[in-house]
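The residues making up each chain are set out below.
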Amino acid sequence: MKKQLTAALTAFLLCANTLPLGAWAATNTSGEYEGLHWSLADGVLTIGGEGRIVYDTGFPDGDSAKYPDWGQYADEITGIIIEQGVTGADADCFREYSALESVILPEGFASLSARVFQDCPKLREIEGLEHVTQFHQHCLNGTAMTAENPFVIVGGRLQYCDYTEVTDIVVPDGVTSIGANAFGNLMEESSESILTDPFDKRTVEDLYFTITLPDSVEIIDDYAFANLTTLTSVNIPEAVTTIGAYAFLDCVRLDALTLGQNVQSVGDYAFFNCKELDTLTVLSGDTRFGTMAYGTLCDMVGCLMEANPDNFTAEYMAEYLEFDPYFYDAVAYYNVDWFGTGDYLWFDQYLMMEKISHHLYTTPDAFVRGIANSSAKSLAYDTGVGFLELEQLGDCNGDTAVNSSDAAILLYAAAQEGVTGESGCSALQECAMDVDGSGTMNAVDAAWMLKYAAYKGSGGTMGLYGYVNSL
């Protein structure tokens, strides 16, 4: 009998050694957490109930930390099913789940919070992404899903871009809309404030990058490019009809943009605080512009120090502007829910804008270029910038014609600027010389003038801008 028991035990152990470790050590358990119920069976975590999954580190006071009970089994969880009624999950909630392969999200789960699935190296499939409208910083970085393709595109909408290093980006063909915060991962990396390490040999110019959009893009959503402070260039495709609120907020290195004839609406603060956006060309006469769609915030520190030089402190500024001092940032006064917590209304946005409205100024040489008596002209008037009619484009000497004389003036002015830093021309002239809307006047613009003069001489009827864009 003893020999039989020994043989049976040996056979059992040999059989057990052939089983995967997960099968041998599988945990089946359940519980309740912050008003939700959950169960873990055969590696699949199911979470149900009503409300949000809380993951609270207690930051900044450390007194209210809350961590889901199932976190102790993170290395065993291969799948997550979130049931209808669960509306979201706090930042970091499922971070570093090393075995996680798939996730199912319900309708009503509207946002993926910051780092929520970051560093889940086996995560390749998320069902229900069509329900998600907000993708926050690093929420999918370090997953198999984005390792295979850095662009997360759902139904033609670019929702997320898994680039965390500054690089020129080319968005794939077929994308029809750019989602809110789609490039949020670059927000921190592209900030000049990261150059604080004395051993960091990069320069500000090393952080500059461009984004190229395909011709298929029709909609640019709220906050799509917000706070990309070293983004130097992005094109607005001809098919674009809508540019959302805050879409280019604080893109302080952009210097020229052209809105095509199909742009119907531009949201509130869309180009606000784009400090170097000297040339905004608007080709439609009917584009609707929201509140403060164009304008610049002055140096707040300088303004307040001038008002109260003896008592100025960061705390005073925060109090003056009715900020929560803990979240105070001299530029980031807008209420973006970067971390997906829902707790982003640090102050009343409209009260804030009313309070700082007298601290606004326009870039000294900024111009809106558009059709006479159009909404673009009204925008220029409302924001206090110059306006140049497209019919005046290329007419450097004001004789209502574009010819070799204008090209000669441009080349001389460009040479002067190269030597002395000053072109010797007025801001209006410089704007007229920028034929291609690149933000600078150069030999390329002069070449367009000469080509156009030849075209007109042969009986051409188009205006200069139409001619340039027809080729």
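Residues numbered from 1 in each chain as written. Predicted model: local features only at pLDDT ≥ 70, side-chain atom pairs only at ≥ 80, totals over all residues. Heavy atoms only, no water.

**A look at the overall build of the protein**
Then, number 1: A count of helices and strands for the protein gives 12 helices and 27 strands.
Then, number 2: Residues counted as buried form 45% of the 471 residues belonging to the protein.
Then, number 3: For the protein, the proportion of contacts with a sequence separation of at least 24, taken over those separated by at least 6, is 45%.
Then, number 4: When the accessible surface of the protein is totalled, it reaches about 22600 Å², and 52% of it is carbon and sulfur. (Helix = DSSP H or I, 4+ residues; strand = E, 2+ residues; numbered from the N terminus. Buried < 20%, exposed > 50% of the residue type's maximum accessible area, 1.4 Å probe, protein only. Contact = heavy atoms within 4.5 Å. Areas by Shrake-Rupley, 256 points an atom, 1.4 Å probe, with all protein chains shown as cover.)

**Digging into the side chain of Thr 281**
Then, number 1: Within the element layout of this structure, Thr 281 appears in strand S22 (residues 279-282).
Then, number 2: Here the side chain of Thr 281 touches Arg 369 through a polar contact of 3.0 Å, side chain to side chain.
Then, number 3: In this structure Thr 281 touches Leu 257, Thr 258, Leu 259, Arg 369, Leu 390 and Tyr 465, once residues within four positions along its chain are discounted. (Polar contact = N/O pair within 3.5 Å; in protein donor to acceptor, adjacent residues only side chain to side chain.)

**What to know about the sheet that holds strand S15 (residues 209-212)**
Then, number 1: One open sheet accounts for three strands, arranged S13-S15-S17; its pairing is parallel. Each end of this open sheet is capped by a strand with a single partner; those strands are strand S13 (169-170) and strand S17 (231-234).
Then, number 2: Of the pairings in the sheet, the one linking S15 to S17 comprises three bridges and is parallel in character. Paired with Thr 210 across the two strands is Ser 233, which belongs to S17. (Pairing = 2+ DSSP bridges.)

**What to know about the confidence of the model for the protein**
Then, number 1: Counting all residues, the mean pLDDT for the protein is 81, and 78% of those residues have values of 70 or more.
Then, number 2: With pLDDT under 50 throughout, residues 323-349 is counted as low confidence; its partners more than four residues away or in other chains account for 58 contacts. (pLDDT = per-residue confidence, 0-100.)

**Observations regarding unusual backbone geometry**
Then, number 1: Phi at Glu 34 is positive, roughly 50°, even though this residue is not glycine.
Then, number 2: Here Glu 34 is to be found in the loop between strand S1 (29-33) and strand S2 (36-41).

**Examining a negative patch on the surface**
Then, number 1: Together, Glu 107, Glu 125, Glu 127 and Glu 130 line one region of the surface with negative charge.
Then, number 2: When its relative accessible area of 48% is taken as the criterion, Glu 125 is described as partly exposed. (Patch = residues over 30% accessible without salt bridge, like charges linked within 9 Å, V, L, I, M, F, W, Y side chains within 5 Å. Salt bridge = Lys/Arg side-chain N within 4 Å of Asp/Glu carboxyl O. Lys, Arg positive; Asp, Glu negative; His and termini not counted. Charge placed at Lys NZ, Arg CZ, Asp CG, Glu CD.)

**Concerning the sheet that holds strand S26 (residues 367-370)**
Then, number 1: The four strands are arranged S19-S22-S26-S27 in an open sheet whose pairing can be described as parallel. Each edge of the open sheet carries a strand with a single partner, namely strand S19 (256-259) and strand S27 (386-389). Neighbouring strand axes in the sheet, compared pairwise and without regard to direction, differ in orientation by 20° on average.
Then, number 2: Here S19 runs beside S22; their pairing, made up of four bridges, is parallel. In the sheet register, Leu 259 faces S22, and the bridge partner there is Val 282. (Axes fitted to C-alpha atoms, helices over the stretch in contact; angles between N-to-C directions.)

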